[in-house]
Amino acid sequence: IWLIIPNSAYILCLTYMQAIKDFKRMAGLQSVLKCISVFAVIIATYFAGIGGYVVAVVFMMFISMAVVFKQSDISLDFGVKLEIPSGFWFLTKLSIFSSVLGTLCLYADMFFLDYFIVDRDMIGYYAMSTMFIMAGTQFVGTVQNFLTPYFAEKSSDKISLWEMMLKYQSF
C-alpha cells in the first residue's frame, strides 16, 4: 500500500520525460536511482533483516519519486483547460484494468508456489531464475520506453509506421 502513490508518481514522471523525449536524463536518473536503491536495500537488509528491507524499499521509492518529480519539471499549474481527445477515457480505463491485472499476475506465482510446493529450496531456485528473467524484461521495457514516442509520432502516417515496425521488429 505504501508504494502505490510514490510508484505511480514515479512512473508518471518517467512517462512525461519519455513523451518529451528527454531520454538521456530519464536513463541517467533511472540508472543512478536503481543503483542507490539496490545498495540501500542490501545494507538495510544486512543490518536489520526483513524489517530493514521493507523500510529501505519504501524509503527509496519515496526518494526516487521526489528526485524524478523534481527533475521532470512537471508543472502543477492546472489553470489551463485542455480538450480531452475522443477515446481518452476508454484508454484510461483499459490502462487501469491492465495495470491491476498485471500487478496481480506479478505476485500470483509466489502465492501458488507457497501454497503448493513443499520443498522450500525449489522456491529459492525459482526466485533466482526470475532474477535472470527480470534482467531481460528490464532491457525490453527500456527499449520500449525509448521507441514508444517515435511510434506515436508516426501513428498518423501508416506507411512510415509500417516501415518503422519492420525495422525494429527485424532480427
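As the structure is a prediction and not an experimental result, all values here were calculated from the model. Just so you know, the residues in each chain are numbered from 1, in the order the chain's sequence is written. Only residues with pLDDT of at least 70 are given local features in this predicted model, and only at 80 or more are side-chain atom pairs given and counted; all residues enter the totals for whole chains, interfaces and linings. Side-chain descriptors were evaluated using all non-hydrogen atoms of the structure, hydrogens and water having been removed beforehand.

Asker: What is the right way to read the overall build of the chain from this model?
Answerer: We count a stretch as a helix when DSSP gives it H or I for four or more residues in a row; a strand needs E for two or more, and each element gets its number in order from the N terminus. What the chain contains, in helices and strands, is five helices and zero strands. Residue exposure (1.4 Å probe, protein chains only): buried if accessible area is under 20% of the type maximum, exposed if over 50%, otherwise partly exposed. Residues counted as buried form 16% of the 171 residues belonging to the chain. The contact rule is simple, with two residues in contact once any of their heavy atoms fall within 4.5 Å. In the chain, once contacts between residues fewer than 6 apart in sequence are set aside, the share between residues at least 24 apart is 56%. Accessible areas in this description were obtained via Shrake-Rupley with a 1.4 Å probe; residue shielding takes into account the shown protein chains only. Carbon and sulfur atoms provide 73% of the accessible area of the chain, an area that totals close to 13600 Å².

Asker: Honestly, the confidence of the model for the chain in this entry has me stumped. Any pointers?
Answerer: When pLDDT is low, close inspection of the predicted coordinates is not appropriate. Predicted confidence across the chain gives a mean pLDDT of 79, with 86% of residues reaching 70 or more. Confidence scores here are pLDDT values: one per residue, from the predictor, ranging 0 to 100. Across the chain, the element-wise mean pLDDT spans from 72 in helix α4 (residues 120–153) up to 88 in helix α2 (residues 23–72).

Asker: What exactly am I supposed to notice about the pattern of salt bridges here?
Answerer: Pairing between side chains of opposite charge can happen when their charged atoms approach one another. Just to be clear on terms, a salt bridge is a Lys or Arg side-chain nitrogen sitting within 4 Å of an Asp or Glu carboxyl oxygen. Following the criterion strictly, the structure yields one salt bridge and no others. One salt bridge in this structure joins aspartate 22 and arginine 25, with 2.6 Å as the shortest N-O distance. Residue arginine 25 is classed as partly exposed on the basis of its relative accessible area, which comes to 28%.

Asker: In this structure, what is going on with the side chain of glutamine 30? I would like to understand it.
Answerer: As for its placement among the helices and strands, glutamine 30 is situated in helix α2. Those residues within four positions of glutamine 30 in sequence are excluded, and the remaining contacts are Tyr10 and Leu14.

Asker: Looking at this model, I keep getting lost on helix α1 (residues 4–19). Mind explaining?
Answerer: One turn of the α-helix equals 3.6 residues, which is why residues spaced by three or four share an orientation. Between the first and last C-alpha of α1 there are 22 Å, a value that for 16 residues agrees with the 22 Å anticipated at 1.5 Å per step. The set of residues buried in α1 consists of Pro6, Tyr10, Cys13, Leu14, Met17 and Gln18. Down the axis of α1, the buried side of the element spans an arc of 145°, and every buried residue falls inside it. Residues of α1 that are exposed and point more than 90 degrees away from the buried face comprise Ile4, Ile5, Leu12 and Ala19. Positioned one or two residues after α1, lysine 21 has a phi angle of 60°, which is positive. In this scheme, a helix's expected span is set at 1.5 Å multiplied by one less than its residue total. The arc in question is traced by the directions running from the helix axis to the C-beta atoms.

Asker: Which parts of the structure should I look at to understand the nonpolar core?
Answerer: Across soluble globular proteins, you tend to see nonpolar side chains buried next to one another. Here, nonpolar core refers to any group of buried Ala, Val, Leu, Ile, Met, Phe, Trp, Tyr and Cys residues whose side-chain atoms link them within 4.5 Å. One finds Tyr10, Cys13, Leu14, Met17, Phe23, Met26, Leu29, Leu33, Met61 and Val68 forming the largest nonpolar core, which totals ten residues. Within the residue set of this core, elements represented by two or more residues are α1 and α2. In terms of residue count, the dominant contributor to this core is α2 (six residues).

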